[in-house]
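Structural overview
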Amino acid sequence: MENLELVRNQKLDIFPTSTLKDYSQVGQSSYVQRGEQKGENPPKPKRKLKLHEKIDNQRQTQKHLINLLDEIGEIEQSSKTKMCCQKFVILSCGKHIAQIIPNFRCEFRLCPFCAYRPAERKVKKYLPLFDVYLKTHRATACKLNLTQIQKKGETAEKSLDRLQKSVKKFVDSSFFNKVFDGGSGSYETTVSKLQNPDGNWHFHCHLTVLRKRFLQPDELERLKRLWKRCSPKAENLWLFPVGSLEGDLREQIKYSVKPASIENFDADKLRQFVQLKGRRLFFTFGKFKAFCQKESLDDIPSDATAKEKKKIEKRNSRITLKRELIQSARKRLVPARKEYFEGDCCPTCEEALFAVRLTRNALIAFDHKLQFQKE
Ligand SMILES: [Zn+2]
Ligand SMILES: [Zn+2]
């Protein structure tokens, strides 16, 4: 906590509401549920898939996606996705795989091989910002999930519009800002046959909110009523304290559509989703949004009075300190991924790595063989 000492000793008003204690343990049990889904908790982590199982699943989803893209005449996207992650260069010692480099990525929002990439970039950017915010403010990170009622026959665009409007109203309201310092959010949709026998779009919003203080039961009720006012007949609102900030943030922004849902897409659903192209599905809001904004240092004009000079210096040192804190959090929380080259040591067994070119099927077979040798 060297950095916190630094802030405390310099008595900077960088974080004016903060008394700079470690508040991460305060109010861990604020928890609310609505509706009949009593006892439902956030999904439990599933068994980690082996590499060949994962690639095999992704291959199935990709195939389905390509068929639908062809069906709706998105030929350019379809041919890009056809080429995506078909061939790889593998760095291996013969017993372990140190790195997999695909020859080409299509970067399509729904491609099972590429969909997680924009989310990873956001985690890298926002995780250090959340970390510094939490260490320097009196706030606790919570997950807040918002859902709206489904409307039969509503298009993806209309459904998303409706939810975005409600969420904006909700997070801009004075009561919300009284108890939360803002946060980040993302929109996700499912077209699960199980949840949606009619095949309606089920857009919902995952927020990571910075709770200023523990909410009393009547305040939680008020929060629920507020969401219902913003989104008439809204079904659910959940507020959970965050377990691991990194895990939850990653979960929050992982996909705009879960791969399992893509398998339930038909051509019309895909057409509607493609029409959302360019719509932002991730956002920050409130005080946290302001905190994320980059501030630049001011020059001191030669004719500045002593008072003006002091003011500018104070602002500059606040900005410099904030930058340093964020930089060190970034180094600690999102270290750059190691790149391997031929002849480097394998990170598991230290044997020399060599490069192999493999097709996707050969990669699946190769991993299968490695797993078999292990067992
Ligand atoms: Zn792709
Ligand atoms: Zn090895």
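Residues numbered from 1 in each chain as written. Chains lettered and ligands numbered in written order. Predicted model: local features only at pLDDT ≥ 70, side-chain atom pairs only at ≥ 80, totals over all residues.

1. Considerations on the overall build of the chain
Note the threshold: For helices the rule is a DSSP run of H or I covering at least 4 residues; for strands it is a run of E covering at least 2, with both sets numbered from the N terminus onward. Residue burial is a threshold on neighbouring C-beta atoms within 10 Å of the residue's own C-beta, all placed from the backbone, with 20 or more meaning buried, 12 or fewer meaning exposed, and counts in between meaning partly exposed. Contact criterion: two residues are in contact if their C-beta atoms, reconstructed from the backbone, are within 7 Å.
For the chain, the helix and strand inventory stands at 13 helices and eight strands. With 375 residues in all, the chain has 29% of them scored as buried. Of the contacts made within the chain by residues no fewer than 6 positions apart, 78% connect residues no fewer than 24 positions apart.

2. A look at the confidence of the model for the chain
Test applied: As a per-residue measure, pLDDT tells how confident the predictor is, with possible values from 0 to 100.
Counting all residues, the mean pLDDT for the chain is 83, and 86% of those residues have values of 70 or more. The least confident element of the chain is helix α1 (residues 2–10), whose mean pLDDT is 33; the most confident is helix α3 (residues 75–83), at 96. Contacts of residues 1–40 to residues separated by more than four positions or lying in other chains number 56 contacts, the stretch itself having pLDDT below 50.

3. What to know about the nonpolar core
Stated precisely, the cut-off is as follows: Here, a nonpolar core denotes buried Ala, Val, Leu, Ile, Met, Phe, Trp, Tyr and Cys residues that are linked to one another through C-beta atoms within 7 Å. Note that domain bounds follow an automatic or database assignment of domains.
One finds Leu 110 and Cys 111 to be the most contacted residues of the largest nonpolar core, which totals 60 residues. When residues of this core are sorted by domain, at least three fall in each of domain 1 (2–41 + 115–292) and domain 2 (62–113 + 338–374). The contact partners of Cys 111, leaving out residues within four places of it in the chain, are Gln 62, Leu 65, Thr 81, Cys 84 and Cys 106.

4. A few points about the pairing of strand β4 (residues 180–190)
What counts is decided by this rule: When DSSP locates at least two bridges between a pair of strands, those strands are taken to pair.
With ten of eleven residues buried, β4 lies mostly within the body of the structure. Pairing geometry for β4 and strand β7 (residues 282–285), over four bridges, is antiparallel. By the bridge assignment for β7, Ser 184 is matched with Thr 284.

5. What to know about unusual backbone geometry
The phi dihedral of Lys 233 is positive, around 60 degrees, even though this residue is not glycine. Tracing the backbone through its elements, the reader meets Lys 233 in the loop between α7 (217–230) and β6 (237–241). Notably, Glu 350 is not glycine yet its phi reads approximately 70 degrees, a positive angle. As for its placement among the helices and strands, Glu 350 is situated in the loop between α12 (306–333) and β8 (354–359).

6. Some words on the pairing of strand β1 (residues 87–92)
The sheet contact formed by β1 and β8 spans six bridges and is antiparallel. When the bridges of β8 are listed, Lys 87 appears paired with Thr 359. Pairing analysis gives five bridges linking β1 to strand β2 (residues 97–102), with the strands arranged antiparallel. By the bridge assignment, Phe 88 is partnered in β2 with Pro 102.

7. Observations regarding the sheet that holds β8
Note the cut-off: Note on geometry: axes are C-alpha line fits, over the in-contact stretch for helices, and angles between N-to-C directions span 0 to 180 degrees.
Taken together, the three strands give an open sheet; going across it, the order is β2-β1-β8, and neighbouring strands pair in antiparallel fashion. Every other strand in the sheet has two partners, leaving β2 and β8 as the edge strands with one partner each. Averaged over neighbouring strand pairs, the angle between their axes works out to 25 degrees when direction is ignored. Seen against the sheet, helix α13 (residues 360–374) touches β1, β2 and β8 and runs at an angle of roughly 120 degrees to β8.

8. What about the packing of helix α2 (residues 51–71) against α13?
Condition: Reported orientations rely on four angle classes, namely roughly parallel under 35 degrees, roughly antiparallel over 145, roughly perpendicular from 65 to 115, and oblique for the rest. Two helices crossing with the near one rotated counterclockwise from the far one by less than a right angle form a left-handed crossing, whereas a clockwise rotation gives a right-handed crossing. The classification used treats Ala, Val, Leu, Ile, Met, Phe, Trp, Tyr, Cys and Pro as nonpolar, Asp, Glu, Lys and Arg as charged, and all other residues, Gly among them, as polar.
Their axes nearest at 8 Å, the elements α2 and α13 cross at an angle of 150 degrees. Relative to α13, α2 is oriented roughly antiparallel. Considering the relative orientation of α2 and α13, their crossing is left-handed. Taking contact as the criterion, the partners of Leu 51, His 52, Ile 55, Asp 56 and Arg 59 in α2 are, on α13, Arg 360, Leu 363, Ile 364, Asp 367 and His 368. For the contact of α2 with α13, the residue count by class is four nonpolar, two polar and four charged.

9. A short note on α2
Defined as follows: To estimate how far a helix should extend, the number of its residues minus one is multiplied by 1.5 Å. Each C-beta atom gives one direction from the helix axis, and the arc is the one those directions make.
Here α2 is 21 residues long and its end C-alpha atoms lie 30 Å apart, about the 30 Å a rise of 1.5 Å per residue gives. Looking only at α2, the buried set comprises Ile 55, Gln 58, Thr 61, Gln 62, Leu 65, Leu 68 and Leu 69. Seen from one end, α2 has its buried residues packed into an arc of 145 degrees, which puts them on one side. Looking at the buried side of α2, the elements it contacts are α3, α9 (259–262), α10 (267–274) and α13. Immediately beyond the C-terminal end of α2, within one or two residues, lies Gly 73, with a positive phi of roughly 80 degrees.

10. Examining the sheet that holds β4
Across the sheet, five strands lie side by side as β6-β3-β5-β4-β7; this open sheet has antiparallel pairing. For this open sheet the edge positions go to β6 and β7, each flanked by a neighbour on one side alone. The sheet shows a mean angle of 20 degrees between the axes of neighbouring strands, taken without regard to direction. Bridge count for strand β3 (residues 140–147) against strand β5 (residues 202–211) is eight bridges, and the pairing is antiparallel.

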